[in-house]
Amino acid sequence: MWKYIGTKECNEFLLSLNLFDCKDKKKYIKILYSITNNLEKNYSIYKIKKKNGKYRTIYEPHLLLKHIQKQILTNVLNNKSISKYAKAYHKGLSLKDNAIPHINKDLLLKLDIKDFFENISFINIYNSCFSIEYFPKSVGMLLTYLCTYDDHLTQGSPTSAYISNLVMKEFDEELGNWCEKNNISYTRYSDDMTFSGSFNPNDIILRVRKMLYKLGLELNNDKIHVISKSARQSVTGVTVNEKLQVNAEYRHRIRQEVYYIKKFGLKSHLNKCNIDMTEKQYINMLYGRILYVLQINENDLEFKKYQKFVLGLKRCCNEMK
C-alpha cells in the first residue's frame, strides 16, 4: 500500500497524527526527528527499590515527549484491539477481571515473565504496532523510536503498557486457545500469567517457555508457583479459593484501624500510630481501601458497615474545612 509513497506524503501523514501543537509544518517534522535522534536527552532515568531488594529502572519522558506519547496512545494505539486474555492496561478492566476466571479451581499455576518491559524489543514493537501494514515505513519507524529507549520498551512512558498488550496479542491468543481446548483458564496481567483447572503444570511451563523464546522473552524461574485448592490461592492479590476476596491480611489491617478509631477517636488514633497525615487525608485513604475490598466483593456486609462508618467521618472532616 505504501510502496510508492514519498517523503512529502510521509510528512503529511505525520502531520495528520497531530502529535503536538505546532503550526509550522517544517518545525513540527524537525522536532519529531530531533527527539528520536536524541532520546537520551528526552528522558529522566531513576531507580526504585523493589520489595525483594532489587531495583526497577523508571524512564520518565520529558514533557513534550510524554505529550507526544499520549497522542500516539490516543490517536493510534487505542484503535487496535488486544486479546481477551489480557486483563491489564485497558479501560474497563481491573484486578477483579483477572481473578474471576480462576475461582474455585483444583490447581493454580502462576508464572512471571522476566524483565518484561525491558525485553520487549524495537522490532517486536514495530511489527505489532507500527508496521508497513498500517503506516509508511519511515513513519512506523519514527513512531516506534518515539515509544522506545535503547531499542526496548520502557517503564514510565504512557504508551508502554498498551504496546505490551499488542506485542503479546498473538501469544495470548495462541496460548489461550490451547488452554480452552484443554479446559484450562488462562489470563495475563502484564507480566503475570495465571492458569487454573486440572492439568500437569510442567506441560504448561514447557509450552510457555517455547512460546516466550520466540518473542525474545523468558520465564522468571524464581516466580513459578503451583498452588493446590487446599492452600490459599490468590491472583494478583485477590483470593479465589471459593469466592473473590481481598487477602486476609489486607482486610485485617482495615478492620484493626476502624476498631482503633472507634475506641480512641480519629485524632488519638493518628497520634498513637504516628501517622503523618491530616485527618482528611487519612480518612480518604482508608475509605479508598474499603472501596477496593467492596469492588472485589460487593456483598461483603462487614465492609459495607465500615464504608458507612468511614463515610460519616469523611462528611465530618469536610464540614470542618
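Keep in mind that what you see is a predicted model, and the values were worked out from it rather than measured. (Residues numbered from 1 in each chain as written. Predicted model: local features only at pLDDT ≥ 70, side-chain atom pairs only at ≥ 80, totals over all residues. Heavy atoms only, no water.)

**Q** In this structure, what is going on with the overall build of the protein chain? I would like to understand it.
**A** Counting its regular elements, the protein chain contains 13 helices and nine strands. Over its C-alpha atoms, taken along the principal directions, the protein chain stretches across nearly 75 × 55 × 35 Å. Surface accessibility of the protein chain: about 17900 Å² in total, with carbon and sulfur atoms responsible for 50%. In the protein chain, the 51 positive side-chain charges and the 33 negative ones have mean positions that sit 5 Å from each other. (Helix = DSSP H or I, 4+ residues; strand = E, 2+ residues; numbered from the N terminus. Areas by Shrake-Rupley, 256 points an atom, 1.4 Å probe, with all protein chains shown as cover. Lys, Arg positive; Asp, Glu negative; His and termini not counted. Charge placed at Lys NZ, Arg CZ, Asp CG, Glu CD.)

**Q** What's the story with the side chain of Thr 159 in this structure? I'm lost.
**A** Here Thr 159 is to be found in the loop between α6 (137-146) and α7 (160-167). Take Thr 159: its relative accessible area is 0%, and that puts it in the buried class. Sequence-distant contacts of Thr 159, defined by excluding residues within four places in its chain, comprise Gln 69, Ile 72, Leu 73, Leu 77 and Cys 147. (Buried < 20%, exposed > 50% of the residue type's maximum accessible area, 1.4 Å probe, protein only. Contact = heavy atoms within 4.5 Å.)

**Q** Help me understand the packing of aromatic side chains, please; the structure alone is not making it clear to me.
**A** Summed over the entire model, instances satisfying the criterion amount to 14 aromatic pairs. Arranged with centres 6.0 Å apart and planes meeting at 50°, the rings of Phe 130 and Phe 135 form a pair that is tilted. The two residues Phe 130 and Phe 135 agree in class, both being buried. Taking 4.9 Å as the distance between ring centres and 75° as the angle between the ring planes, the aromatic pair formed by Phe 303 and Tyr 306 counts as edge-to-face. Note that Phe 303 and Tyr 306 are positioned in helix α13 (residues 301-320) at a spacing of three residues, about one turn of the helix. Using a relative accessible area of 0% as the deciding quantity, one classes Phe 303 as buried. Here the aromatic residues Phe 13, Phe 130 and Phe 135 are joined through ring pairs into a cluster of three or more. (Phe/Tyr/Trp six-rings, centres within 6.5 Å; stacked < 30°, edge-to-face > 60°.)

**Q** Whenever I open this one, the sheet that holds strand β7 (residues 234-235) confuses me. Can you help?
**A** Backbone-to-backbone hydrogen bonds pair the strands of a sheet. The strands run either parallel or antiparallel. In space, the three strands of this open sheet follow the order β7-β8-β9, with antiparallel pairing throughout. Edge positions in the sheet fall to β7 and β9 (245-246), since each has one partner strand and no second. Across two bridges, strand β8 (residues 238-239) lies against β9 in antiparallel orientation. Bridge assignment links Thr 239 to a residue of β9, and that residue is Gln 245. (Pairing = 2+ DSSP bridges.)

**Q** Mind showing me how you'd approach the pairing of strand β2 (residues 55-61) here?
**A** Two faces belong to every sheet, and in a regular strand the side chains alternate between them. As paired elements, strand β1 (residues 43-49) and β2 share seven bridges and run antiparallel to each other. Following the sheet pairing, Tyr 43 is matched in β2 by Pro 61. Hairpin connection of β1 to β2: five residues between the antiparallel strands, including Gly 53 at a positive phi of 90°.

**Q** I'm lost on the nonpolar core in this one. Help?
**A** Within soluble globular proteins, side chains that are nonpolar generally end up buried alongside one another. Counting residues in each nonpolar core, the largest one holds 63 residues, and the members touching the most others are Phe 130 and Phe 195. The leading source of residues in this core is helix α9 (residues 201-214), at five residues. Aside from chain neighbours lying at most four places away, what touches Phe 195 is His 102, Leu 107, Leu 108, Leu 109, Leu 111, Leu 175, Cys 179, Ile 184, Ser 185, Tyr 186, Ile 204 and Val 208. In terms of nonpolar packing, the next biggest core, distinct from the first, is built from 28 residues, Ile 283, Tyr 287, Tyr 292 and Ile 296 among them. (Core = buried A, V, L, I, M, F, W, Y, C linked by side-chain atoms within 4.5 Å.)

**Q** Is there a simple way to think about helix α3 (residues 63-75) in this case?
**A** Every α-helix winds through 3.6 residues per turn, so residues three or four apart in the chain are directed the same way. In this model α3 runs 18 Å from its N-terminal to its C-terminal C-alpha over 13 residues, within 8% of the 18 Å that 1.5 Å per residue would give. Every buried residue belonging to α3 is among Leu 65, Ile 68, Gln 69, Gln 71, Ile 72 and Leu 73, and all of these are buried. As for α3, its buried residues are in contact with α2 (25-37), β1, β2, α6 and α7. (Expected span 1.5 Å × (residues − 1).)

**Q** Even after reading the chapter, I still don't get the sheet that holds strand β5 (residues 192-197), so can you show me in this structure?
**A** Taken together, the four strands give an open sheet; going across it, the order is β4-β5-β3-β6, and neighbouring strands pair in antiparallel fashion. On the outer flanks of this sheet lie β4 (185-189) and β6 (225-228), each paired with one strand and no other. Here the average twist between neighbouring strands, direction ignored, is 15°. Where strand β3 (residues 107-112) lies against β5, six bridges are found, and the strand directions are antiparallel. Bridged to Lys 110 within β5 is Thr 194. (Axes fitted to C-alpha atoms, helices over the stretch in contact; angles between N-to-C directions.)

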